[in-house]
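For reference, the chains in residue letters:
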Amino acid sequence: MRLNERAALAILLVAYLLLAALFAARAPAWQAPDEPAHYNVLRQLHEAPAPRCCPVIEPGDWDQALLARLTGERFAGATPETLAPLQYEDHQPPLYYLLTALVYEWSAGSLTALRLFSALLGAGVVYCAHALARAALPGRPWLALTAAAFVAFLPQHLAMMSAVNNDSLNELLIGLALVALARWLRGDRAGLRRLARALLPAATALCVLLLLYGLITLAAALLFLALTGVGLWLWRSDRQTLWPLWFMGLLAGLLLVTKPGGYFVAGLLPLVLLLRLRPAGLQRRRAARQLLVAGLACLLAPALLTGGLWWARNLAVYGWPDLLGLAAHNRVVLDQLRRADLVAEIGAAAWAQRALRDTFTSFWGQFGWMALPLQGRLLLPPLALSLAAVSGLLLSGRPCSGRGLRQLHRALWLVIGLTALAYLYYNLEFVQLQGRYLYPALLPLALLLARGLDAWRTRLLPGRLPWLTLLPVALLAPFSLWLLLTVIEPLLSA
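Residues numbered from 1 in each chain as written. Predicted model: local features only at pLDDT ≥ 70, side-chain atom pairs only at ≥ 80, totals over all residues. Heavy atoms only, no water.

Caption draft 1: Broad picture of the packing of aromatic side chains. Per the stated rule, a full pass over the model turns up 14 aromatic pairs. For the ring pair Phe363 and Trp364, a centre distance of 6.2 Å and an interplane angle of 70 degrees mean the geometry is edge-to-face. Trp364 matches Phe363 in its accessibility class, with the two residues each being buried. Taken together, the ring pairs in this structure connect Phe150, Phe360, Phe363, Trp364 and Tyr439 into an aromatic cluster. Arg339 extends its terminal NZ or CZ atom over the ring of Trp351, reaching a point 5.8 Å from the ring centre. (Phe/Tyr/Trp six-rings, centres within 6.5 Å; stacked < 30°, edge-to-face > 60°. Buried < 20%, exposed > 50% of the residue type's maximum accessible area, 1.4 Å probe, protein only. Lys NZ or Arg CZ within 6 Å of the ring centre and 35° of its normal.)

Structure below.
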């Protein structure tokens, strides 16, 4: 990375952190989707005896009447005590809550402090967007900055990254897994080593802290430390082909205990490994078969051992086959609006139109509890950027050559496709037309947006002013600030 690109990325990250801190401090309390329920997971961890993981979702944890009253009153006078009955996120995997519980302890449960921690995790998502774009679009630094700026300044994403929820850690781990995958496919061992050197000591220190605060059991801590130890042994031995796979398996395992929305990325890693290690003819060679088996073992072992702890706990609590606690959750939220009921009321065509409209709007900005959507003139910037990006992609040619890059781009398209399918599947049962559920694919989508905008710049000004690709996306920063100060804060305040 050239010095000027480093400086530009640093400025972008500082701008993101300042904006996210403003969102965390000035967005009205509890005015983010499900924020009280996520907060209550932390409160329960604080009040439980050690080891404190994890709450159990039970009948009564969902109160539609209370939610309707609170959102209608804009949470006027709401306190953690009055919000305590809202515990319908108790089924969520534990990692985000365990880490954030440390902040809860140190800040005496301050909502702003917890929001700032989520915003800090969001800075890692922005960095991953830049790193992934540099690997996927080599030699095009302005596109990498454009992709990172889109992730940093997208208004709805800013609002979600500066609220109490597990999306921030989920997106960070997805980003780290995709960056590690990209560097492995590109043969960038040095970049992969730098990533591992930064993450493994931090993860080890956090594991020890969680044990000291009684948030995890000694057995869970020893398992994670053993898995990192095996990775270090592979690193220092002559098994240089295997340690990157073990490292990616660790990331996949952390995804399995963070949020179900990250499961498809964890499952994508062994699929890419199969495609990578089985070129034509090599599957008949004994050495290649041995490498494939060893690689799959290195990738799957840490992932399944980490996820297996959570799944075994859920089976013990909720029974077979509820590995994720989702069936228990669905039994609790019985009066949540179902798609079939809405289709019966308004018709399939009206539902499809509403689905497209609400998904697009809420992807860009629909604040509070979906109560404050961008509309009218406020939708013009998102529409203009979307149309420019999509039409530019139709004009652009093939983005890359080389086997590693082709495999990486196919993997990123798979991320987008699987995220869209998961969103559609969820909305076949419930009415949850929230574009934020597409954010697990935000990094690949940001790459596509950067390519589409640059295609127009290349066509109109060939070989000139490459920074113009970044300009329209950078303007999302003042747009988001204006929305916070003139729309979100005054209109969502009690």
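Once the structure has been displayed, the description carries forward.
Caption draft 2: Quick look at the side chain of Gln432. One can find Gln432 in the loop between helix 18 (403–429) and helix 19 (442–460). Taking relative accessible area as the criterion, Gln432 reaches 13% and is therefore assigned buried. Within the structure, the side chain of Gln432 is placed 3.4 Å from the side chain of Tyr437, a separation counted as a polar contact. Ignoring sequence-local partners within four residues, the contact set of Gln432 consists of Gln336, Tyr423, Tyr426, Asn427 and Tyr437. (Helix = DSSP H or I, 4+ residues; strand = E, 2+ residues; numbered from the N terminus. Polar contact = N/O pair within 3.5 Å; in protein donor to acceptor, adjacent residues only side chain to side chain. Contact = heavy atoms within 4.5 Å.)

Caption draft 3: Spatial organisation of helix 3 (residues 64–72). Residues of helix 3 that are buried: Leu66, Leu67 and Leu70. Projected onto a plane normal to the axis of helix 3, the buried residues spread over an arc of 100 degrees and lie on a single side. Turned more than 90 degrees from where helix 3 packs its buried face, Ala65 and Gly72 sit exposed. Capping the start of helix 3 is the job of one residue whose side-chain oxygen sits 3.3 Å from the backbone nitrogen of Ala65: Asp63. Where helix 3 ends, the next residue or the one after it, Arg74, has phi of about 55 degrees, a positive value. (Arc of directions from axis to C-beta.)

Caption draft 4: Local environment of the packing of helix 10 (residues 218–236) against helix 11 (residues 243–256). Relative to each other, helix 10 and helix 11 sit at 160 degrees, their axes nearing to 8 Å. Between helix 10 and helix 11, the angle falls in the class roughly antiparallel. Along this stretch, helix 10 crosses helix 11, giving a crossing that reads as left-handed. On helix 11, the residues touching Phe224, Leu227, Thr228, Val230, Gly231, Leu234 and Trp235 of helix 10 are Trp243, Trp246, Leu250 and Leu254. Of the residues assigned to the contact of helix 10 with helix 11, the class counts are 9 nonpolar, 2 polar and no charged. (Axes fitted to C-alpha atoms, helices over the stretch in contact; angles between N-to-C directions. Parallel < 35°, antiparallel > 145°, perpendicular 65-115°, else oblique. Left-handed = near helix turned anticlockwise from the far one by under 90°. Nonpolar A, V, L, I, M, F, W, Y, C, P; charged D, E, K, R; others polar.)

Caption draft 5: Highlighting the pattern of salt bridges. With the rule as written, the count across this model stands at 14 salt bridges. Here Asp167 makes a salt bridge to Lys259, at a shortest N to O gap of 2.3 Å. You can see Asp167 sitting in helix 8 (residues 167–185) and its partner Lys259 sitting in the loop between helix 11 and helix 12 (263–276), a full 92 residues away along the chain. Like Lys259, Asp167 is buried. In the salt-bridge network here, residues are joined through shared partners; they are Asp34, Asp167, Lys259 and Arg436. (Salt bridge = Lys/Arg side-chain N within 4 Å of Asp/Glu carboxyl O.)

Caption draft 6: Up close: the environment of Leu378. Examined against the element boundaries, Leu378 turns out to sit in the loop between strand 2 (372–373) and helix 17 (380–395). Accessibility expressed as a relative area gives 21% for Leu378, which makes it partly exposed. Residues Leu378 and Leu200 lie 178 residues apart in sequence; the distance between their C-alpha atoms is 43 Å. When sequence neighbours within four positions are dropped, the list of residues in contact with Leu378 reads Phe479, Trp482 and Leu483.

Caption draft 7: How the structure looks around the state of the cysteines. Within this structure, the stated rule accounts for 1 disulfide. Residue pairing for Cys53: its cysteine sulfur links by disulfide to Cys54, the two sulfurs lying 1.5 Å apart. The closest cysteine sulfur to the non-disulfide-bonded Cys207 is located on Cys53, 13 Å from its own sulfur. Judged by relative accessible area, which is 6%, Cys207 ranks as buried. (Disulfide = S-S within 2.5 Å.)

Caption draft 8: Representation of the side chain of Thr469 within the structure. Looking at the secondary structure, you find Thr469 in the loop between helix 19 and helix 20 (471–474). Leave out the neighbours within four places in its chain, and Thr469 touches Leu143, Thr146, Ala450, Leu453, Asp454 and Arg457.

Caption draft 9: Structural detail: the confidence of the model for the chain. With 94% of its residues at a pLDDT of 70 or more, the chain shows a mean pLDDT of 90. Per-element confidence in the chain ranges from a low mean pLDDT of 82 for helix 12 to a high of 98 for helix 7 (residues 155–161). (pLDDT = per-residue confidence, 0-100.)

Caption draft 10: Seen up close, the nonpolar core. Counting 165 residues, the largest nonpolar core has Tyr16, Phe150, Phe153, Trp184 and Phe247 as the members making the most contacts within it. Sorting elements by how many residues they give to this core places helix 5 (residues 111–136) first, with 15 residues. Setting aside residues up to four positions removed in sequence, Phe153 forms contacts with Leu12, Ala15, Tyr16, Leu19, Leu158, Val473, Ala474, Leu476, Ala477 and Ser480. (Core = buried A, V, L, I, M, F, W, Y, C linked by side-chain atoms within 4.5 Å.)

Caption draft 11: Up close: the environment of Glu5. Along the chain, the position of Glu5 falls in helix 1 (residues 3–26). Taking the relative accessible area as the measure of exposure, Glu5 reaches 4% and is therefore buried. Separated by 136 residues in sequence, Glu5 and Pro141 have C-alpha atoms that sit 7.1 Å apart. Here Glu5 is in contact with His130, Arg134, Pro141, Ala144 and Leu145, once residues within four sequence places are set aside. At a separation of 3.0 Å, a polar atom in the side chain of Glu5 contacts the side chain of His130.

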